[in-house]
Amino acid sequence: MNSKKYICLLSSFATLNPTYHTNKNLFNTINKEFGKLYFINTDNLEFFSKPKKYNFSEELKNLPKNIVFFNPQNSKEFKNFIKDKVLIAISNFGKSFVDFKVHMLVKNKNIIQIQIKNIGNFQMGHHVYIKHIFLTLNHLILNRLFRKVTTILSILGIINKFDITFISNKIITDSFNKNIFKKFLYKNKLLFTKQFCLVNSKFYDALEELKKNLSNKYIVHLDYYLNYKDEIMLRGEMDPASVKKHHECVSKFLLTTQKRLNKEVIICIHPLYPIEYFRNFYKDFRIIKYKTAEFIRDANLVTFFNSSAIVNAILLRKKIIQLSSKYMDKNEQLQSNVYKIKLGLQKIELDKFNDENFDQIYKKSYPNQDLLNNYISNFHKLDEGENGTSKIISTIKKRYF
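For every chain, the first residue of its written sequence is number 1, and the numbers climb from 1 along that sequence. With the structure being a predicted model, the display of local features is reserved for residues of pLDDT at least 70 and the display and counting of side-chain atom pairs for 80 or more, all residues being used for whole-chain, interface and lining totals. In computing side-chain properties, one takes all heavy atoms of the structure into account and sets aside hydrogens as well as water.

(A) Structural detail: the overall build of the chain. Strands here mean DSSP runs of E at least two residues long; helices mean DSSP runs of H or I at least four residues long; both are numbered from the N terminus. If you tally the helices and strands in the chain, you get 19 helices and 13 strands. A radius of gyration in this sense is built from C-alpha atoms; the matching globule rule multiplies 2.2 Å by the number of residues raised to 0.38. Over its C-alpha trace the chain gives a radius of gyration of 22 Å, about what one expects of a compact globule, namely 21 Å for 401 residues. Overall size of the chain, expressed as C-alpha extent along the three principal axes, is 75 × 50 × 50 Å. Only protein chains enter the accessibility calculation, which uses a 1.4 Å probe. A residue is then buried if its area is under 20% of the maximum for its type, exposed if over 50%, and partly exposed in between. Within the chain, the fraction of its 401 residues that count as buried is 51%. A sequence separation of at least 24 residues applies to 77% of the contacts in the chain between residues at least 6 apart. Surface exposure of the chain reaches about 20100 Å², of which carbon and sulfur atoms provide 52%. The charge count includes Lys and Arg as positive and Asp and Glu as negative, but it does not include His or the ends of the chains. Lys charges are placed at NZ, Arg charges at CZ, Asp charges at CG and Glu charges at CD. Mean positive and mean negative side-chain charge positions of the chain (65 and 35 charges, respectively) differ by 6 Å. In what follows, residue pairs with any heavy atoms lying within 4.5 Å of each other are defined as contacts. With residues, only the protein chains shown are counted as cover, and all accessible areas are computed by Shrake-Rupley using a 1.4 Å probe.

(B) Just the sheet that holds strand E5 (residues 112-117), in detail. Being paired, for any two strands, means DSSP has found at least two bridges between them. Spatial strand order, E3-E2-E1-E4-E5-E6-E7: seven strands in an open sheet with parallel pairing. The two strands at the open ends of the sheet, each matched to only one other strand, are strand E3 (67-70) and strand E7 (196-198). In this sheet, adjacent strand axes meet at a mean angle of 25° when their direction is disregarded. With four bridges connecting them, strand E2 (residues 37-41) and E3 associate as parallel partners. Following the sheet pairing, isoleucine 40 is matched in E3 by phenylalanine 70. Axis definition: a line fitted to C-alpha atoms, limited for helices to the stretch in contact. Angles are taken between N-to-C directions and run from 0 to 180 degrees. The strands touched by helix H6 (residues 170-178) are strand E6 (162-167) and E7; relative to E7, the strand with the most contacts, the crossing angle is about 125°.

(C) Spatial organisation of the layout of surface pockets. A volume near 380 Å³ is recorded for the second largest pocket. In this analysis, the protein atoms alone were mapped onto a 1 Å grid. Cavities are point sets where a 1.4 Å probe fits without being able to get out; pockets are open sets with protein on both sides within 12 Å along at least five of seven lines; lining residues have an atom within 4 Å of a point. Along the walls of the second largest pocket sit 19 residues, with Asn17, Asn55, Phe56, Ser57 and Tyr290 positioned nearest its centre. With three residues, helix H2 (residues 58-61) is the largest single contributor of residues to the lining of the second largest pocket. Note that Gly is not counted as nonpolar here; it falls among the polar residues with everything else outside the nonpolar set of Ala, Val, Leu, Ile, Met, Phe, Trp, Tyr, Cys and Pro and the charged set of Asp, Glu, Lys and Arg. Counted by class, the lining of the second largest pocket contains ten nonpolar, three polar and six charged residues. Grid points are joined across faces, edges and corners, and a volume is the space filled by probe spheres set on the points.

(D) Focus on the packing of aromatic side chains. Two aromatic rings, drawn from Phe, Tyr or Trp (for Trp, its six-membered ring), form a pair once their centres lie within 6.5 Å of each other, and the interplanar angle then sorts them: stacked below 30 degrees, edge-to-face above 60, tilted otherwise. Scanning the entire structure with this criterion turns up 40 aromatic pairs. When the centroid spacing of 5.4 Å and the interplanar angle of 75° are considered together, the rings of tyrosine 6 and tyrosine 38 count as edge-to-face. Taken together, the residues span a long stretch of sequence, with tyrosine 6 in strand E1 (residues 4-11) and tyrosine 38 in strand E2 at a distance of 32 residues. We classify tyrosine 6 as buried; its relative accessible area is 16%. The class for tyrosine 38 is buried, based on a relative accessible area of 7%. Three or more aromatic residues joined by ring pairs form one cluster here, namely Phe13, Tyr20, Phe27, Phe39, Tyr54, Phe56 and Phe69. Above the face of the phenylalanine 81 ring, lysine 85 is positioned so that its terminal group lies 4.2 Å from the ring centre. Any Lys NZ or Arg CZ that is within 6 Å of a ring centre and within 35 degrees of that ring's normal is treated as a charge sitting over the ring. Over the ring of phenylalanine 34 we find lysine 397; its NZ or CZ atom is 6.0 Å from the centre of that ring.

(E) Representation of the pairing of E5 in the model. As paired strands, strand E4 (residues 85-92) and E5 are joined by three bridges and run parallel to one another. For isoleucine 88, the partnering residue across the bridge sits in E5 and is isoleucine 112. By convention a crossover is right-handed if, when the strands point away from the viewer, the path from the first strand over the helix to the second runs clockwise. Tracing the backbone out of E4, into helix H4 (residues 100-108) and back to the parallel element E5 gives a crossover that is right-handed. The sheet contact formed by E5 and E6 spans five bridges and is parallel. In the sheet register, isoleucine 116 faces E6, and the bridge partner there is phenylalanine 166.

(F) Seen up close, the side chain of threonine 19. Take threonine 19: it is sitting in helix H1 (residues 16-34). Side-chain polar atoms of threonine 19 contact the backbone oxygen of threonine 15, separated by 2.8 Å. Two N or O atoms form a polar contact when they lie within 3.5 Å of each other; inside protein one atom must be a possible hydrogen donor and the other a possible acceptor, and for residues adjacent in sequence the pair counts only when both atoms belong to side chains.

(G) Main features of unusual backbone geometry. The phi torsion at asparagine 110 lies on the positive side, around 50°, for a residue other than glycine. With phi around 70°, tyrosine 290 is a residue other than glycine that occupies positive phi space. The residue tyrosine 290 is located in the loop between strand E10 (286-288) and helix H13 (292-297) in this model. Residue tyrosine 290 is classed as partly exposed on the basis of its relative accessible area of 22%.

(H) Representation of the nonpolar core. By size, the foremost hydrophobic cluster in this structure holds 32 residues, and its most contacted members are Phe253, Ile267, Phe278, Ile348, Leu350 and Phe358. Elements with a contribution of two residues or more to this core: helix H11 (240-261), strand E9 (264-268), helix H12 (275-281), strand E12 (319-324) and helix H17 (358-363). Looking at this core, the element that brings in the most residues is H11, giving six residues. In this structure, phenylalanine 278 is in contact with Asp223, Tyr224, Tyr225, His247, Ile269, Tyr273 and Ile287, ignoring residues within four places of it in sequence. Grouping buried Ala, Val, Leu, Ile, Met, Phe, Trp, Tyr and Cys residues that are joined through side-chain atoms within 4.5 Å yields what is termed a nonpolar core.

(I) Fine view of H6. All buried positions along H6 are accounted for by Thr173, Ser175 and Phe176. Relative to the axis of H6, the buried residues are bounded by an arc of 150° and lie together on one face. The exposed set on the far side of H6, more than 90 degrees from its buried face, consists of Asn177 and Lys178. In this fold, the buried residues of H6 make contact with E6, helix H7 (180-187) and E7. An arc is given here, and it is the one of the directions from the helix axis to the C-beta atoms.

(J) Highlighting the side chain of asparagine 23. Structurally, the position occupied by asparagine 23 is in helix H1. Within the structure, asparagine 23 has its side chain in polar contact with the side chain of threonine 22 (distance 3.1 Å). Sequence-distant contacts of asparagine 23, that is, excluding residues within four places in its chain, are made with Asn118 and Lys202.

Following this line, the structure appears as structure tokens:
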């Protein structure tokens, strides 16, 4: 008897709240089109896994019944679950050493892997710190180096490659024609992905809906968690005194902005950030999760350090100011400069902020028009005839069903 085909998301349940929230239109459409969608937890399938507790959002708690959660406690449970199924897996786990065991399970059961990267934001690297030698070596060996090892193992057929990657980045696909070496690698399937497929970004897909009922009644600040796991991995916990001084600078700036523009400040944070941490520093402002896009739609001005959510503000052509402070580490400071350079944004160093200059900066706070148009054509508007979600669904149907 032929096994039935199913689509699943292979992902850590620890990050499932933001993964679903930022891709819910895609997941809900997959569920509707294919009749069932599995969310499969990879946490217990990794090397050195430890039991975890998950605090799922209300969105996840109220999903349709045919979106099924499966949390295998070990490899045996995972193998038993999929033995009568053919899985087309949306891969949402990495290429580091701890992920290698998951890759081997995928290979063992010959699971088809696809990747969806239709975000359209600028990718940023990580600066390593020689003074934190053990953290640096851990990152360089078990993360950076092992990503290359994983690619080599896929070329040798020891683990599976991505069958197809849906991306919103024309620069990558153009490079295969412009760069002889990259063209050779791609043509001879020497990359971790066999095929790249350009699709409109998820932000661009949502643009028409967001444009409805636009307003300018708020100042929206996208705050950054200085002790986020990606930063701790490289330099450890930031000292509390620097954290406190940084947030004092942010608060002072936001209070000035609120007074100057006579509009309420709303602080929006990433779904993985601990809301109590921010409430401890920002007594004067509302702090919101899971409604960032809606508040950006109603923003007169959006300020941020480093957040993919800024793409909504860019596409809606809102006024934007990029922020930084001397209390941030080198990595965070470099990343808080990217959109300023790429789109010609205004930037404020908060520890040097003089409120007398605010009006002048505010008036110039739109992205550079030429840079913006180039950004949209390379990272967002990539298919005139079909939105991103529709193209992903139709490609999956044609190729696998």
